[in-house]
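Read off the chains here:
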Amino acid sequence: MATNIKTDFDAIVIGTGIAGIYMLHKLRNELGLKVRAFDKAGGVGGTWYWNQYPGARSDTESFFYRYSFDKETFDGWDWRNRYAHQPEMRAYLNAIVERHHLGGDIQLNTGIHSVVFDDARHIWTLTTDKGEVFTARYVVSAVGVLSKTNYPEIKGRETFRGELVHTSGWPADLKLEGKRVGIIGTGSTGVQFICAAAKTVKQLTVFQRSAQYCVPAGPDRVSDEYVADYKANYEQIWDKLRTTRIGCGFDEGAVSAMSVSAEERQRVFQEHWDIGNGFRFMFGTFSDIAVDPAANDAAADFIRAKIKEIVKDTETARKLTPTDLYAKRPVCINGYYETYNRDNVTLVSLKENPIKEMTPNGVITEDGVEHELDVLVCATGFECVEGSYGQMDIRGRRGESLQQHWKDEPSSYLGIATSGFPNLLMILGPNSVFSNLAAGIETQVEWVAEMIGAAESGSKSLIEATRSAEDEWTATCKEIANYTLFPQVKSWIFGANIPGKSNRVLFYFGGLGAYRQRLREIADADYDGFVMDSKPSSMVA
Ligand code: NA7
């Protein structure tokens, strides 16, 4: 025990998604700490609890979108879907909770309202939305990057007599069969919803702000041979994944796109189009799609040609064809462009014909057309990173709020800690690694647990990132991001999907392998960039 001050818990974990569940397991079952995890939801799962819209699934391949630490749960599962559907993901996370006996230390239906550091006693006091007060020495925030919904501002919204829903708050009893449905948004969520809903609704009107580069996801099921190989080579497969850039379990492109002939480029693009998966198409084809404008244009051209080939109506094809860089988080689903050939699907390009207002009957666009709707679905995404943290009043040393600390931009050291907020550790804080999120989460959870373990065994009561380490990490992340094409388009990964917010760096784009190596070096150098101390707060630099 590192301090004499008595607290309700050694550690409190906020959130019980992929990150929070594993963090609770590591801290409680492996370090032997007294821990409680809180979640405002009525069940565990985080993203996989909330996002219950039709078609919801992970678009990272499921054999890698899971925990690697627990092979046994996988072994006992008839895991055949190449992409885990939302109910399966939720069932999997529940099975992990059960297998590791975590349920007794999870308090559901409880949001954390405030998280306040006591400078004198080195403890955190958390208040729940029910007015309960708990103290802990450590707080691990595992609130995810995509938990604060982004609703579009539309005049007359409140007059609509139909149902207005966001995909991340899907009412379990909402049925779409035979209805007139509108959808705003064509990101990863939107394309999944569009492909699923088009098959059952009477009429689907897609309100598209930006045309989307979308590649097929590929076959839905994997073969027996695939599963057998995965099981037989489990350790090697995961060890290799941890050295890659994007951590999605495929071989990443090693050759630059423009170094090969046009025919070879076409062959490679077609091969990956047939295999399917957005990350594979962007990172598995060539090494420089996300960094070299010519390579990027070649990939974009390939997709643009597919749209022309697939979509029968030339005007619809034109509206669906993106002209900007292929540099948002890659999107994939089978049959996306084909869906627009259906008689019951209509596309409205909001850039050419914006929404004017909502009426009791639906949506009126600038051209004066009233689109009559029973349901309007907002697949308009999230206020990422800051939005998740902005839902709590977090105060560190001298009462400084996290919002004040992040007033210019959200920052952290390693995506894990921020100066002035000792013993507050984040999983997927700002400038965490841009990769398969499950693999990034596992990396951070294991590292944070190791660091807390080191502090505990060294009788330290405080872990705090230094300001200079935080500034250096922020500068590193900016430098790497600016080397890529990603900041040149507006998207959630740079926080620019929210009105009034400009692009800023929110991820480390150096790759999972490099990130893990950096974490290892820092741990080996006695947690360089952190102060681990048991002195009074005023003594900590
Ligand atoms: P995304 O990827 O942020 O997509 C949101 C979509 O909604 C995107 O097409 C936006 O257009 C559109 N959008 C957002 N606000 C508006 C307004 N006000 N009007 C019209 N259209 C709007 O969110 P997702 O939920 O699809 O995916 C988020 C992540 O979850 C995903 O990357 C995976 O990691 C899982 P835009 O392109 O910004 O013009």
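Residues numbered from 1 in each chain as written. Predicted model: local features only at pLDDT ≥ 70, side-chain atom pairs only at ≥ 80, totals over all residues. Heavy atoms only, no water.

An unreviewed UniProt entry lists the protein chain under the name NAD(P)/FAD-dependent oxidoreductase, with Dyella tabacisoli as the source organism.

Draft legend 1. Quick look at the overall build of the protein chain. Along its length, the protein chain carries 17 helices and 22 strands. Its C-alpha atoms give the protein chain a radius of gyration of 24 Å, within 12% of the compact-globule value 24 Å for 541 residues. The principal-axis extents of the C-alpha atoms in the protein chain amount to approximately 70 × 55 × 45 Å. Expressed as a percentage of its 541 residues, the buried residues of the protein chain come to 59%. Taking the contacts inside the protein chain whose residues are at least 6 apart along the sequence as the reference set, 73% of them involve residues at least 24 apart. Of the roughly 21,300 Å² of accessible surface on the protein chain, 49% is carried by carbon and sulfur atoms. If you average the places of the 59 positive and of the 71 negative side-chain charges in the protein chain, the two averages end up 3 Å apart. (Helix = DSSP H or I, 4+ residues; strand = E, 2+ residues; numbered from the N terminus. Rg over C-alpha atoms; globule rule 2.2 N^0.38 Å. Buried < 20%, exposed > 50% of the residue type's maximum accessible area, 1.4 Å probe, protein only. Contact = heavy atoms within 4.5 Å. Areas by Shrake-Rupley, 256 points an atom, 1.4 Å probe, with all protein chains shown as cover. Lys, Arg positive; Asp, Glu negative; His and termini not counted. Charge placed at Lys NZ, Arg CZ, Asp CG, Glu CD.)

Draft legend 2. Representation of the pairing of strand β14 (residues 362-365) within the structure. Alignment of strand β13 (residues 355-358) against β14, held across 3 bridges, turns out to be antiparallel. Across the sheet, the residue bridging to Ile355 is Thr365, located in β14. Between β13 and the antiparallel strand that follows it, β14, lie 3 residues. In this structure, β14 lies alongside strand β15 (residues 370-372), joined through 3 bridges in antiparallel fashion. Bridging across to β15, Ile364 finds its partner in Glu370. Hairpin connection, β14 to β15: the antiparallel pair is bridged by 4 residues, and Gly368 has positive phi, about 90°. (Pairing = 2+ DSSP bridges.)

Draft legend 3. Structural view of the packing of aromatic side chains. A full pass over the atoms with the stated rule returns 46 aromatic pairs. Aromatic side chains Phe9 and Phe134 sit 5.8 Å apart centroid to centroid with 55° between the ring planes, which places their arrangement in the tilted category. Within this pair, whereas Phe9 is found in strand β1 (residues 9-14), its partner Phe134 is found in strand β6 (residues 133-141), the two being separated by 125 residues in sequence. For the pair shown, Phe9 and Phe134 are each scored as buried. Above the face of the Trp79 ring, Arg66 is positioned so that its terminal group lies 5.8 Å from the ring centre. (Phe/Tyr/Trp six-rings, centres within 6.5 Å; stacked < 30°, edge-to-face > 60°. Lys NZ or Arg CZ within 6 Å of the ring centre and 35° of its normal.)

Draft legend 4. Representation of helix α17 (residues 512-524) within the structure. Its 13 residues place the ends of α17 18 Å apart at the C-alpha level, agreeing with the 18 Å of an ideal helix rising 1.5 Å per residue. Regarding α17, the residues found buried are Leu512, Gly513, Tyr515, Leu519, Ile522 and Ala523. Within two residues after α17, Asp526 carries a phi angle of roughly 50°, on the positive side. (Expected span 1.5 Å × (residues − 1).)

Draft legend 5. Structural detail: the pairing of strand β9 (residues 203-208). Where burial is concerned, most of β9 is hidden: 5 out of the 6 residues are buried. Bridge count for strand β8 (residues 180-184) against β9 is 5 bridges, and the pairing is parallel. Across the sheet, residue Ile184 finds its bridge partner in β9, namely Phe207. Viewed along the sheet, the connection from β8 through helix α5 (residues 188-197) into β9 turns out right-handed. Bridge analysis of β9 against strand β12 (residues 345-349) gives 5 bridges, and the strand direction is parallel. Its bridge partner being in β12, Val206 is matched across the sheet by Leu347. (Right-handed = clockwise from strand over helix to strand, strands pointing away.)

Draft legend 6. Focus on the UniProt feature "domain: FAD/NAD(P)-binding" (unreviewed entry) in the protein chain. As annotated in UniProt, the feature "domain: FAD/NAD(P)-binding" (unreviewed entry) corresponds to residues 10-230 in the numbering used here. Taken end to end, residues 10-230 is 24% helix and 23% strand, and its first and last C-alpha atoms sit 38 Å apart. (UniProt positions renumbered as here; feature names shortened; annotations may be inferred.)

Draft legend 7. Expanded view of the site of the ligand. Around the ligand lies a shell of 19 residues, among which Thr189, Ser210, Lys328, Arg329 and Trp492 are the nearest. Contact between the ligand and Thr186: an oxygen atom at 2.9 Å from a main-chain N or O atom of the residue. At 2.6 Å, a side-chain N or O of Thr189 approaches an oxygen atom of the ligand. Looking at the shell around the ligand residue by residue, the class counts come to 7 nonpolar, 9 polar and 3 charged. (Near = heavy atom within 4 Å. Polar contact = N/O pair within 3.5 Å; in protein donor to acceptor, adjacent residues only side chain to side chain. Nonpolar A, V, L, I, M, F, W, Y, C, P; charged D, E, K, R; others polar.)

Draft legend 8. The arrangement of the layout of surface pockets in detail. The space that makes up the second largest pocket amounts to roughly 380 Å³. Lining the second largest pocket are 19 residues, and of these Gly55, Gln192, Ala196, Lys199 and Ile333 lie nearest its centre. For the lining of the second largest pocket, the secondary-structure elements that each account for two or more residues are α4 (86-99) and α5. Broken down by element, the residue count for the lining of the second largest pocket peaks at 3 residues, all from α5. (1 Å grid on protein atoms, 1.4 Å probe; cavity = no way out; pocket = protein on both sides within 12 Å on 5 of 7 lines; lining within 4 Å. Points joined across faces, edges and corners; volume = space filled by probe spheres on them.)

Draft legend 9. Local environment of the sheet that holds β13. The strand order β13-β14-β15 describes an open sheet built from 3 strands, whose pairing is antiparallel. With one partner strand each, in any of the chains shown, β13 and β15 form the two edges of the open sheet. For this sheet the average axis-to-axis angle between neighbouring strands, irrespective of direction, equals 25°. (Axes fitted to C-alpha atoms, helices over the stretch in contact; angles between N-to-C directions.)

Draft legend 10. Main features of the environment of Glu456. Tracing the chain through its elements places Glu456 in helix α15 (residues 437-457). Taking the C-alpha atoms as reference points, Glu456 and Val377, 79 residues apart in sequence, are found 48 Å from one another. At 2.7 Å, the side chain of Glu456 forms a polar contact with the side chain of Tyr138.

Draft legend 11. Summary view of the sheet that holds β12. The strand order across the open sheet built from 5 strands is β7-β16-β8-β9-β12, with neighbouring strands paired in parallel fashion. Edge strands, defined here as strands with exactly one partner in the open sheet, are β7 (163-166) and β12. In this sheet, neighbouring strand axes are inclined to one another by 20° on average, regardless of whether the strands run parallel or antiparallel. Each of β8, β9 and β16 (375-378) touches α5; the most contacted strand, β8, lies at about 160° to it.

Draft legend 12. Looking closely at empty space enclosed by the protein. Enumeration over the complete set of coordinates arrives at 2 cavities of 30 Å³ or more. In this structure, the largest cavity spans a volume of roughly 60 Å³. Lining of the largest cavity is provided by Ala211, Gln212, Tyr213, Asp324, Leu325, Tyr326, Ala327, Lys328, Arg329 and Pro330. Residues of the lining of the largest cavity, tallied by class, amount to 6 nonpolar, 1 polar and 3 charged. Taken as a whole, the second largest cavity encloses approximately 40 Å³ of empty space. If you go around the second largest cavity, the residues you meet are Trp238, Leu241, Arg242, Ala439, Glu442, Thr443 and Arg516.

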